Amino acid sequence: MSLINRIKLLFFTAFSFFLISCSGSVPEIGQIIWQVNILQTPSESRGYQELSVFILIEDEDGIGDIDYIYLIHDESELFWKLNSNDWTQKVLGGKNWIGSNSIRMSDRSSLPAGNYRLVVIDKAGERDSRNFNISKSMLDTKNREYFPELLIGSDIIIKSKFSDNTLWI
């Protein structure tokens with residue numbers, strides 16, 4: 001085989017690998033489920049906010065192709081970066097849900113109200129993004145003083161001024 005034919009073959013092989021590696025699919029955010037939780041540990045007198053965010057992600061390359069999820073609050077220039085070590089992954093009804101129950105401010109202050117942007121990035125750099133809004137009323141802290149109390153050993157398990165309470169164990 002001549003040198004020119006070898007170079008052509010090498011070029012064709014490299015180009016073929018390039019085309020194959022660029023044929024990945026774009027991840028798609030199908031749905032976002034979020035809620036603001038107020039938590040309190042027994043050693044603390046005041047509660048703090050944590051945001052739970054889970055997103056339905058579809059990617060023909062598989063869920064293992066997802067590299068990062070960013071949650072961005074542009075107005076306050078804050079962001080949270082999640083990777084496979086940080087997020088929780090669930091498959092429900094054959095659909096992939098990824099997210100976290102523990103997004104909070106590092107100093108446990110209130111989360112900022114307003115528009116949040118979720119960005120999903122796969123290993124090829126392909127991305128999708130969606131927005132959701134957290135209103136000021138969702139982050140209202142006036143009810144922190146009424147945090148439910150757990151009573152062990154009595155007929156009443158949760159003493160609370162709220163009609164709906166959730167106990168996470």
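No experiment lies behind these values; they were computed from the predicted model shown.

Parameters at a glance
Residues numbered from 1 in each chain as written. Predicted model: local features only at pLDDT ≥ 70, side-chain atom pairs only at ≥ 80, totals over all residues. Heavy atoms only, no water. Phe/Tyr/Trp six-rings, centres within 6.5 Å; stacked < 30°, edge-to-face > 60°. Buried < 20%, exposed > 50% of the residue type's maximum accessible area, 1.4 Å probe, protein only. Lys NZ or Arg CZ within 6 Å of the ring centre and 35° of its normal. Salt bridge = Lys/Arg side-chain N within 4 Å of Asp/Glu carboxyl O. Helix = DSSP H or I, 4+ residues; strand = E, 2+ residues; numbered from the N terminus.

Turning next to the packing of aromatic side chains. Counted according to the given criterion, the structure contains five aromatic pairs. Both rings, one in Y70 and one in F79, keep their centres 6.0 Å apart while their planes meet at 50°; by these two values the pair is tilted. Look at F79 and you get exposed, because its relative accessible area is 55%. Taken together, W34, W80, Y116 and F132 form an aromatic cluster joined through their ring pairs. Looking at K81, its charged tip hangs above the ring of Y68, at a distance of 4.3 Å from the centre. It is R108 that lies over the ring of Y48; its NZ or CZ is 4.0 Å from the centre.

Before going further, it helps to spend a moment on the pattern of salt bridges. When charged atoms on two side chains of opposite charge get close, those side chains can pair. Taken as a whole and judged by the stated rule, the model has four salt bridges. Ionic pairing is found between E50 and R104, a salt bridge with its closest N-O pair at 2.2 Å. One end of the pair, E50, is in strand β2 (residues 48-58); the other, R104, is in the loop between β6 (95-103) and β7 (114-122), and 54 residues separate them in sequence. The exposure class assigned to E50 is buried, which follows from its relative accessible area of 6%. Looking at R104, the relative accessible area reads 30%, which means it is partly exposed. Among the ionic pairs, D128 bridges to R130, the shortest N-O distance being 3.9 Å.

Purely geometric stuff here, so don't read any function into it on its own.
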